[in-house]
Structures are given as structure tokens and as C-alpha cells.
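An overview of the molecular structure
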2 protein chains.
Amino acid sequence: MPATPFSSCSYLILQPRFNSYFNPLFRSFTYQLSTSLLSFNGIKFTAARIHSSLSPAAETESQSGGGGRSGALSPGPIVAGEVQRIDVNPPKGTRDFPPEEMRLRNWLFNNFKEVSRLYGFEEVDFPVLENEALFTRKAGEEIKDQLYCFEDRGNRRVALRPELTPSLARLVIQKGKSVPLPLKWFTVGQCWRYERMTRGRRREHYQWNMDIIGVPGVMAEAELISSIVSLFKRIGIKDSDVGFKVSSRKVLQEVLKCYSIPESLFGKVCVIIDKIEKIPVDEVKKELMAAGVSQEAVQELLQVLSVKSLTELEEKLGSSGEAIADLKQLFSLAEKFGYSEWIQFDASVVRGLAYYTGIVFEGFDREGKLRAICGGGRYDHLFSTFGADDIPACGFGFGDAVVVEIPLSSLLFEQLLREKGLLPDLSLQMDYIVCALDEDLQGSAAMVAHVLRKKGQSVDLVLESKPLKWVFKRAARNNAQRLVLVGSSEWQRGVVGVKILATGEQYEVKLDELI
Amino acid sequence: MPATPFSSCSYLILQPRFNSYFNPLFRSFTYQLSTSLLSFNGIKFTAARIHSSLSPAAETESQSGGGGRSGALSPGPIVAGEVQRIDVNPPKGTRDFPPEEMRLRNWLFNNFKEVSRLYGFEEVDFPVLENEALFTRKAGEEIKDQLYCFEDRGNRRVALRPELTPSLARLVIQKGKSVPLPLKWFTVGQCWRYERMTRGRRREHYQWNMDIIGVPGVMAEAELISSIVSLFKRIGIKDSDVGFKVSSRKVLQEVLKCYSIPESLFGKVCVIIDKIEKIPVDEVKKELMAAGVSQEAVQELLQVLSVKSLTELEEKLGSSGEAIADLKQLFSLAEKFGYSEWIQFDASVVRGLAYYTGIVFEGFDREGKLRAICGGGRYDHLFSTFGADDIPACGFGFGDAVVVEIPLSSLLFEQLLREKGLLPDLSLQMDYIVCALDEDLQGSAAMVAHVLRKKGQSVDLVLESKPLKWVFKRAARNNAQRLVLVGSSEWQRGVVGVKILATGEQYEVKLDELI
């Protein structure tokens, strides 16, 4: 096909009848165009297709859609006896991330990563498929029952990781003396759990973890909570929206000690107590007694759990224990860190993972609509359960499959953000859309795109011969800032036509002067 | 413990004997310090520990390491009868990403993402666990034999995705008319394959995919190759290092048509032919004949595969076919896109996936040390194999488990980058390290960190009481730019001491004037 002269068959007159094809947003946009685009270089243009498509297939495809749906996919009917249509949904409990969801995920993850960077944490990751043994603690945790585990072709027991902390501990043990403590590590990673899908939970989700390995003092927990507060503030969530309930497992430990309950039972007892809001209290009592806790001790444990102030706790436990000292220090540090109004003492917070040993905390929404948004604590004895020397450590999971308390908390979190109207504008943005006015000029359009991309501009290069109406519609959908049209006569003169789409301003520019 | 006056017990004199603890890099750094730090505020300081640690545990831990290894982890001996030490290695064929590896991964992925953005592609993702049916094509592909598949607890057949394209096609079909074509989508995602680990291959790896859905013409393939060339150029790889071999499956299709071999056999035949460099030619011949290809056709196919120029191919096939037309157009566009010197015609390139239908290409290193670096092509009939209407489509995988040709190609790619000396400096960088000179001032140090972080500075807050020697060592390890020391007398005056670590310059600054 010969090159179409720029002056005879170039830009589109947006006639009123075309507007009916556009959605409201685009309509106002095209309205602006229709008044400003009628002449370009002082020449009137026709609304006809500029030229025929590259191939018969393209022809059919772009014809099929008409004005509004040009080129869109039309899944065919399933004919009996032909290939059976696959299940187009992702497996139960998992999800796809189409572009708009992916932008949201990237926005959230980038906030996780930026906060981690500000706090001087280094990013790490581990395989999502781990040896099952890493997760099969014997404390009756819900997380173990929900393990997504398999036997691989080599007859090895493997599992999709339900949480990140055991992998982190494994890597720390492996690194041994080569890494100087303290380590400050963070991960944003996928986790799985296999559970009944009755409660709208997901089986696959993402978690932001921050861990401090090698610091025994409460400064570490204070720093972790500070980082979560920073995340909340960054994305516009206030202390009137969410808060942290804080306690220490040492509270329970001190009670258990009074009743001479062996320390080996501690993790198991905590896991049972954590169920208190999910199953009837009598069930919890029964389980505790079955685990070897006396009735008297059970009563005392349950009483302590209802304490809501440090003063009251001090009355109960005395002022000499570590539980009180740690908690007092944490609340004192919270003042210095500037997040006192975000945290409150609540002895009922125990968390569902067996390995916590000291301070435990969880983020909650003050309206009480959601379950825990995040949670964490100190786990000073996890390393010895893996056969290594213990190292003081603490961390949190934001996404909270750490304690398998809530569904996809990033999803819940999105929900919170949506409710609070805090989600930013995450629409697709494009610097340029570049289009040849003639099939023979597609290579030239590619050259233009190449020049712009080298200068860091994002370019949606139109890869087919399409009517200008189509090009404007795509430009609007992609929020392109500028349109470059490569026409024959201009190209011969070494220039291209540029249009600033928001204002309608248009000008010619030499190829090497494009920015 | 009372606040230690700033003037009596603050900064460290780096005495020569300490230097023996430092690595060479740090030695030169501390040398600089030793000449510039001897006096700060005109006061001489002692090298002693500033104050005792926060707790007995911290004391023990920081004492154990001495000067050079203070605070590092020491995995304990495994005592028989105690807890068995877990396997500290990730499962066979998978890997951890400790900080230094993670920085490398982020650097590479960020380059993938930036190139994709420049080309106007939108990011998407899919579950890593998919229904097995999505991948079980019946064309004898290696990828099917290496499927990491399981039965889940609900007796569903699931698989860890071996490639990304089928999930992408599934999502496109699911979205149906709601997405306007063409789609330009990219993914950077994890893929798995289960294979014998004899060749040092990995079972888990990452892949960068770019796909264009809805463009029938060769402009799409030209754009895809252009984006990979851009990636190479960005990271300093030249056309003297790598190139692309390009062919079209239509070449084979035209030969098969001559011998009246049914189109339904096409994918299978291509998969067999692709094995030609892996198994003896006689085996390939046998397999082809077993699949129903006549001996004559087999001879002709093998002859065509040896063709290395378009002219020769045109002599063989005639000039009227689509294969020649497509390839000519691609080479013509490559000139316009500016990457002619990167590509060459090579009929032996077939690729190992059944679904390719047109142009196929693969990236190779010119020294011939590595297997394909990336590969892709047109797959116009994939959608109908899923029971939907076909849509013209093409894409590539960089990481190349797409055709299960090479191991972790990002690893191979790293290898290439290392060999070429192209890896950038990816060491950890930190804006500040902040340290209290007294345990009572830790909250104040937290306030300082808070102020700096609000201003976007990354801060490694020292969470324990540590000797200054330790602090300087950590600062050097983390490439911290500035050290802030929070001392009692300064704090009372509302200032903190700041030291620019590269120059030794030091000054006092008010808290609200920190930047």
C-alpha cells in the first residue's frame, strides 16, 4: 500500500455520532477533542479508517468490534464435541492479578518496602516450597493443620510455606558466623494454608515480615511496632482507625510457674488459650486440663487474661517479674517513639503461634469490623527447637497468616483502605502513544518510540493499522499524555506531529528534539 | 543507670590495635577515622565500652564475639538425644535469597520492570499453584514430564506453574469482552519444574514474560525483540555478547503441507524436531516417523532446518509463502527498530513448546557457553486449545523455563553479567546510623531516628548498648553515610553530634534541623 499523504487522510473528525460509543469519562475527553481537533495544521480530516489492516485477520478483528469495542476479545461458544473449555478461574482460594489489581498490590508492597528501607532493614526471601519438617511443630497450632503439604516425585515431604519465620530462622542458622548480629531482615512473600473455603478466606496470600535477630531488649519490639505505625501513617491510616493490643507471654509464664507447670507445656498452653475467642470457654478449659494444667491454674490463667491495665496486672503479679518490666519499658519507649496513642495493654492477646516467648502484639481496627491486621512478638527459643543455639529474636507478619487468624489481610487491609477512602489514584499512566498514519510508516513509528524510550518515556506503540478514533480511545484509556502521529509528508520533512492530549495543544517537532 | 555525661565518656579513640580486627576495606576506612576522630569537640575519648549492655543476655552475646565478631551467631553443637537439627538448606533445586542475593534479584527485576514500563506494558500476575489441566498438553513436551504436580487435600490435581503463558491465556479468556485488545502484559514470576538435578539445574526459578494479545502482524514480534534488546543495552550487554536466532514455524508448516501431513500433528512434530540438539538425529527421525511423518518428509524437514539464510530459504520454499513474508518483514522492521546487528535467521530454531505457530526466536550468547538466554514466539492457536476463540498472540520468556531449555536463566544470566564484569555495585547503603551513648537515651535516639525517617532517610537505629568500636564497624559494613551519637549533655542542650563518615567531618545539630 502506498504511503498516504499526511494532508489528505490523517486525523479524525470526531463526529457527534461517535460519542455514543464512549463511556462518560471518555465522552468528556472526546468532547474536548472534538472542539480542538477539528483542524490540525489547518487541514480538515475525515473520519474514515486511515487505511486497511495489516492482514485479513486484523481486518476481521477490528471490524468486529464496531466503534466502541473494536478489537476486544470475544470468547467463542463452546461447541459440543470440540475442545472443552478450560476452567477460566484460578484454583479455589487463589487469585489472579489483572493490571488494576497488580497496581494496587505494587502500591502496597512498595509502601512495605519503603518503610523497611527507612528502618534500615535488608530484604531477603526463601523458597515458597519448603521441607515439611520446618513447619510441623507439635503444639497443636491451627497453622499445622492447614499445611499445604505434598509428597514430591522424589517421595520427599514438602509444603508451601504457611509463614515466613521458620524459613528465616533456617537461613540464619545456615549463615551461622558469617552474618553479624543484629540482623534486621524483611520479606514480602507469598504464603499458603489449606483450609475449608467456607469463610471466604484465601488459601494463598502475601505477607510483609520484619524480623530483628540478635537483640534481647524491648527496644527491638518498640522499633517493630514503630515501623508498622509508620506504614499506617504513610498510607493515611490514623490512630483513630487502628491500634495495637500489646501483652507479654511472660504474664502466662509467671502464672504457670506459680502452679509448677513444666516449661515444655508452655507453647501448647498458649496455643490453646489463643482459641478463647473462637471456641467456647469450656472447650478451652477442657483442652487445658487435658494438656495437664490443673483446674486451679486454669481459673487463674483465665482471670489474668481479662486484665486490661498494667496497674491491675502489677497488682496481680507483683512488680518484680520480667513481664511487668518489659511491658513498662515498651510503653515508656512508645512515648519516645511517638506512638503512645496507638498502643494499649490487653492481657487477652496471646497469639496463636507456639514459638512466641515475650512481648506479643496485634494490630486491630477500632471499629471492630476486621480481625487482626498484623501481629508479632518475641520468639527467643525458636532456634533451639531447630537444634541450634537460641538467639534473641522478634518479628511481625503483616498479612497475618503468621497466626492464621485472618484471611488475606492485605485484602482485608484493602477493604479498610477502601472504607476509609485512602486508596490513591492507581490508574495506568503512559507518557506517549505513538501511531503511524500509514502501514509503510510503522517502522518509522518504531524509530520514534525508540527515541522516546531511550529518554525514559513510556510509549504505547500502536502495532497495527487502526482508525484514529481507535487510537484516541486507547490513548484515553491509558491516560497517555501525548500522542505522536507519524505521517508521510511530515516524515519526509524530518518531523512528527505531537498533540498534548489534556490541552489539545499540538505542534510539530524534529525526531531528535522529542523529549 | 545514670546518664553518662557527653564530655567524659563519648566517642572512641580508634587505637591502632583495633585495626587488626577489621577487614581491608574497613581498615582503610578506619584509618581515615583514626586520624580525624581523635578529637571531637576538642575532647579526648577512651576506647572502653561506653556502658554495660541492656541485659545479661546482651552482655554475653556481645562479649562472645570479641572485637571482630561481636554479636555474631554461633550455632551450637548438636547434642545426641536433644532436638535434632533441621536441614538448614532449602529443598533440593530451590534457593534462599540472603540480602546480597536479594539486591541482585531486585536489580535485575527492576530492569525487567523498567523496560516493560517503557514499552507500555502493564504488570499482571497469576497464582503459582494452578489446576494441572492448564499445563497437560498432549504434544510430548518436556515441560509436561517435568510438571511439579500434586493432589491437594480436596483431591484436586494441582501444579506449580512451569510457565506463565497458559495462566495468562486463562485470564484473558476469563476477562473476555471487558478488556480492549491489544493487551500488552508483563509478569515477573516464579516457575517450577521437577527434573533430575544432575545438571545443576534448579527446580524453582523466575521468569520475565512479555506478551502481546490481539496483534496479528509481525510488528508485535519486532516490538518484543526490541524490548529484550533494550534490556540488554540497559545492563551493558552488547550485540558482540549476545544475539537472537530467528525463524518461523511456518517454514516447517509449509514443508509438512507439501507432504499432506495433517495440521493436528504440527505441534507434536515441532516438539520432536526441537530435540535435535539433545538426542541423536536417528532418534529424532524415528520419533517423527512414529508420529506419522513419511521418510521423505523427514528428510526434507531436516534439510530445511540447516538453512541459515533467507535467500537460501526463499530458493527452497518459493517467495509466495507466509514464512518468507513474515521473516522478511521482521528483518526489515529490525532495521527501523535499530537492532539488525542483534538478529540472524536460523531455520534450526523451533522452540520446544507445542503452541508456537509463527515467528520463533531465542537469545544466545555468542561465545556459545550458555544455552538459550530467552525465547519466545507467536502462538495464534493457544486460545482454541483452551476451548475459546483464537486471538493472535505472541510473547517471550526471559528465564526460559518456557521451553525448559536452560536452568535458572537468571542465574545463567548473572553468570554472563559476572563474566562480562557488568554487575553494578549493589552493596547495602544506609543514610544514617543512630546510637545512644547511654541506655537511658535510647528513647531519645529513637526520636532522632523518627525525625530522620520522616524526612526519607534510612536509619539503622542501634537497639542495644554497644561499644563505639562496634558501632563504627556496623556503620562501615552498612555503608552508612552519617553517624548520629545521642549524648546526655548535648541532648540537654537540644542537639546531637553528627559525623560524616566518609570525610570525618563532624558537627552538632539541633533535632529539628536534622536532614
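Look up a bit, the structure's there.
All chains use their own residue numbering, which begins from 1 and follows the written sequence. Just so you know, chain letters begin at A and ligand numbers begin at 1, following the order they were written in. Selection of residues for local features in this predicted model requires a pLDDT of at least 70, selection of side-chain atom pairs for listing and counting requires 80 or more, and totals for whole chains, interfaces and linings are taken over all residues. Where side-chain values are given, they derive from all heavy atoms of the structure, hydrogens and water being excluded.

Some points on the sheet that holds strand β5 (residues 148-151) of chain B
Whether parallel or antiparallel, the strands of a sheet pair through hydrogen bonds between backbone atoms. Residues and elements named next belong to chain B. Only when DSSP finds a minimum of two bridges between them are two strands counted as paired. To qualify as a helix, a DSSP run of H or I must reach at least 4 residues; to qualify as a strand, a run of E must reach at least 2; elements of each kind are numbered from the N terminus. In space, the three strands of this open sheet follow the order β4-β6-β5, with antiparallel pairing throughout. Both edges of this open sheet fall to β4 (129-131) and β5, since each of them pairs with a single strand only. Strand-to-strand, the axes of this sheet are offset by a mean angle of 35°, without reference to chain direction. Orientation is described by lines fitted to C-alpha atoms, with helices fitted over the stretch in contact, and by angles between N-to-C directions that extend from 0 to 180 degrees.

Brief notes about the interface of chain A and chain B
Two residues qualify as a contact provided that any one of their heavy atoms is within 4.5 Å of a heavy atom in the partner residue. At the interface, 127 residues of chain A touch 128 residues of chain B. Any Lys or Arg side-chain nitrogen located within 4 Å of an Asp or Glu carboxyl oxygen qualifies as a salt bridge. Linking chain A with chain B are 16 salt bridges, by the criterion used here. For E100(B), the salt bridge goes to K175(A), with nearest N and O atoms at 3.8 Å. In the analysis that follows, any N or O atom pair within 3.5 Å is treated as a polar contact, provided that within protein one partner can donate a hydrogen and the other can accept it, and provided that, for residues neighboring in sequence, both atoms belong to side chains. Taken together, the links from chain A to chain B amount to 41 residue pairs in polar contact (both at pLDDT 80 or more). When residues of the side of chain A that touches chain B are assigned to their parent elements, the largest contribution, eight residues, is made by helix α4 (residues 99-118) of chain A. Ten residues, namely Ala, Val, Leu, Ile, Met, Phe, Trp, Tyr, Cys and Pro, are considered nonpolar, four, namely Asp, Glu, Lys and Arg, are considered charged, and the remaining ones, Gly among them, are considered polar. Each residue belonging to the side of chain A that touches chain B can be placed in one class, and the counts come to 61 nonpolar, 29 polar and 37 charged.

Looking at the packing of aromatic side chains
Ring pairs shown here join Phe, Tyr and Trp side chains whose ring centres sit within 6.5 Å, with only the six-membered ring taken for Trp; geometry is labelled stacked below 30 degrees between planes, edge-to-face above 60, and tilted in between. Per the stated rule, a full pass over the model turns up 32 aromatic pairs over all chains. Between the aromatic rings of Y148(A) and Y194(A), the centroid separation amounts to 5.0 Å while the plane-to-plane angle is 90°, which identifies the pairing as edge-to-face. Taken together, the residues span a long stretch of sequence, with Y148(A) in strand β5 (residues 148-151) and Y194(A) in the loop between β7 (183-192) and β8 (204-213) at a distance of 46 residues. In this pair, the class of Y148(A) matches that of Y194(A), namely buried. Considering the side-chain rings of F112(B) and W208(B), the 4.6 Å spacing of their centres and the 15° angle between planes classify their relative orientation as stacked. In this pair, F112(B) sits in helix α3 (residues 99-118) while W208(B) sits in strand β8 (residues 204-213), placing the two residues 96 residues apart along the sequence. Residue burial is assigned from relative accessible area. The probe radius is 1.4 Å, only protein chains are included, and a residue is buried under 20% of its type maximum, exposed over 50%, and partly exposed in between. Overall, the relative accessible area of 0% leaves W208(B) in the buried class. Among the aromatic side chains, those forming a connected cluster through ring pairs are F97(A), F109(A), F112(A), Y206(A), W208(A), F232(A), F244(A), W342(A), F361(A), F396(A) and F398(A). Sitting above the plane of the Y119(B) ring, R453(A) keeps its charged end 3.6 Å from the centroid. The rule is short: NZ of Lys or CZ of Arg within 6 Å of the ring centre and within 35 degrees of the ring normal puts a charge over the ring. Over the face of the ring belonging to Y194(B) we find R203(B), whose NZ or CZ atom lies 4.1 Å from the ring centre.

Notes on the relation of the copies chain A and chain B
Between chain A and chain B, the superposition needs a rotation of 180° and an axial shift of 0.0 Å, giving an RMSD of 0.1 Å. Taken together, the rotation and translation describe the operation of a two-fold axis. Considering only C-alpha atoms, the part of chain A nearest the rotation axis is F150(A), at 3.3 Å. Residue by residue, 100% of the interface of chain A is reproduced at the interface of chain B, so both copies engage with the same surface. When the copies are overlaid, the least-squares fit takes in C-alpha atoms only where the residue has pLDDT of at least 70 in both copies.

Some details on the pattern of salt bridges
All names here are of chain B. If you walk through the whole model with that rule in mind, you get 57 salt bridges over all chains. The salt bridge partner of E114 is R117, with a shortest N-O separation of 2.9 Å. Of this pair, E114 and R117 both sit in helix α3, three residues apart, roughly one helical turn.

Examining the sheet that holds β8(B)
All names here are of chain B. The strand order β3-β7-β8-β13-β12-β11-β9-β10 describes an open sheet built from eight strands, whose pairing is mixed. Across the chains shown, the open sheet's two edge strands, defined by having one partner strand only, are β3 (122-123) and β10 (343-345). Relative to β10, strand β9 (residues 242-248) runs parallel, the two sharing three bridges. In the strand pairing of β10, K245 is matched with Q344. Contacts between helix α7 (residues 249-258) and the sheet are confined to β9 and β11 (359-365), with β9 contributing the most and set at about 30° to the helix. Helix α12 (residues 322-337) rests against β9, β10 and β11 of the sheet, and its axis sits at about 150° to β9.

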